[in-house]
Amino acid sequence: MNGILIVAHAPLASALRQCVLHVFPDATDAVAALDVQPNVPPEESLAQARMLVRQTGLKQTLVLTDVFGATPCNVAQKLVDGVSTKLITGVNLPMLLRTVSYRHESLDALVTRALVGATQGVIQVAVTAPQNQARRSTHDQDHRDHQQ
């Protein structure tokens, strides 16, 4: 099994972890969170992240951060080695739920699952279902067919 560490601006990491544990209460030991606080030196956040990875006791960990180039991501980049720990940025709840669902797969497969979960979880939702909308006149210049 893989560990999952969320490193994000406070309080996002803890909030995401709580959402995941609401759906997967059995994932308590596999999912850790580090809320990077403002005005805390990156070295201190890195030390906390290393401690959280050790505390899981798992051989492999997927690290998820919120924004590429921001302090949480910069800290995580110093944490991961690309072999037993890998990093994905742009964490969202669909990505995280997918990751926890497949945490028993290999780390490489988990990375793929996380990326798919993130992209497929972001969609525009119609206000009403297309099948419930009245068809517009064919003379209407704004006529568009809706597809699902």
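Only a predicted model underlies this, so the values are computations on that prediction, with no experimental measurement involved.

Student: How should I be thinking about the nonpolar core in this particular structure?
Tutor: Nonpolar side chains in soluble globular proteins tend to end up buried together. The biggest cluster of nonpolar side chains holds 21 residues, and the ones touching the most others in it are Val31, Leu62, Leu64, Ile88, Met95 and Leu96. For this core, the secondary structure elements donating two or more residues are strand S1 (2-9), helix H1 (12-23), strand S3 (60-65), helix H4 (93-101) and helix H5 (107-120). With five residues, the top contributor of residues to this core is H5. Residue contacts for Leu64: discarding those within four places in its chain leaves Ile4, Leu5, Ile6, Val7, Ile88, Val91, Met95, Leu96 and Thr99. In terms of nonpolar packing, the next biggest core, distinct from the first, is built from 13 residues, Val7, Ala49, Leu52 and Val75 among them.

Student: Quick question: what am I supposed to make of the environment of Glu43 here?
Tutor: Looking at the element boundaries, Glu43 is found in helix H2 (residues 42-56). Among the residues examined, Glu43 registers a relative accessible area of 55% and is labelled exposed. For the pair formed by Glu43 and Lys78, sequence separation is 35 residues and the distance between their alpha carbons is 9.7 Å.

Student: Can you help me understand helix H3 (residues 71-79) in this one?
Tutor: Each α-helix turn comprises 3.6 residues. Residues three or four places apart therefore point the same way. Regarding H3, the residues found buried are Pro72, Cys73, Val75, Ala76 and Leu79. Seen end-on, H3 carries its buried residues on one side only, within an arc spanning 160°. For H3, the elements touching its buried residues are S1, strand S2 (31-36), H2, S3 and strand S4 (85-89).

Student: Would you explain the side chain of Asp66 in this entry?
Tutor: The topology assignment puts Asp66 in the loop between S3 and H3. Despite its burial, Asp66 pairs with no opposite charge, the nearest such side chain being Lys78 at 15 Å. Polar side-chain contacts of Asp66 include one of 2.6 Å to the side chain of His9. When neighbours within four sequence positions are excluded, Asp66 is seen to be in contact with Val7, Ala8, His9, Leu12, Pro72, Thr89, Gly90 and Val91.

Student: Would you take a moment to explain the pairing of S2 for this structure?
Tutor: Within S2, five of the six residues are buried, leaving the element largely enclosed by the surrounding structure. Here S1 runs beside S2; their pairing, made up of six bridges, is parallel. Among the inter-strand pairings, Leu5 is bridged to a residue of S2, identified as Ala32. As a crossover connection, the stretch from S1 through H1 into S2 is right-handed.

Parameters at a glance
- Residues numbered from 1 in each chain as written.
- Predicted model: local features only at pLDDT ≥ 70, side-chain atom pairs only at ≥ 80, totals over all residues.
- Heavy atoms only, no water.
- Core = buried A, V, L, I, M, F, W, Y, C linked by side-chain atoms within 4.5 Å.
- Buried < 20%, exposed > 50% of the residue type's maximum accessible area, 1.4 Å probe, protein only.
- Helix = DSSP H or I, 4+ residues; strand = E, 2+ residues; numbered from the N terminus.
- Contact = heavy atoms within 4.5 Å.
- Arc of directions from axis to C-beta.
- Lys, Arg positive; Asp, Glu negative; His and termini not counted.
- Salt bridge = Lys/Arg side-chain N within 4 Å of Asp/Glu carboxyl O.
- Polar contact = N/O pair within 3.5 Å; in protein donor to acceptor, adjacent residues only side chain to side chain.
- Pairing = 2+ DSSP bridges.
- Right-handed = clockwise from strand over helix to strand, strands pointing away.

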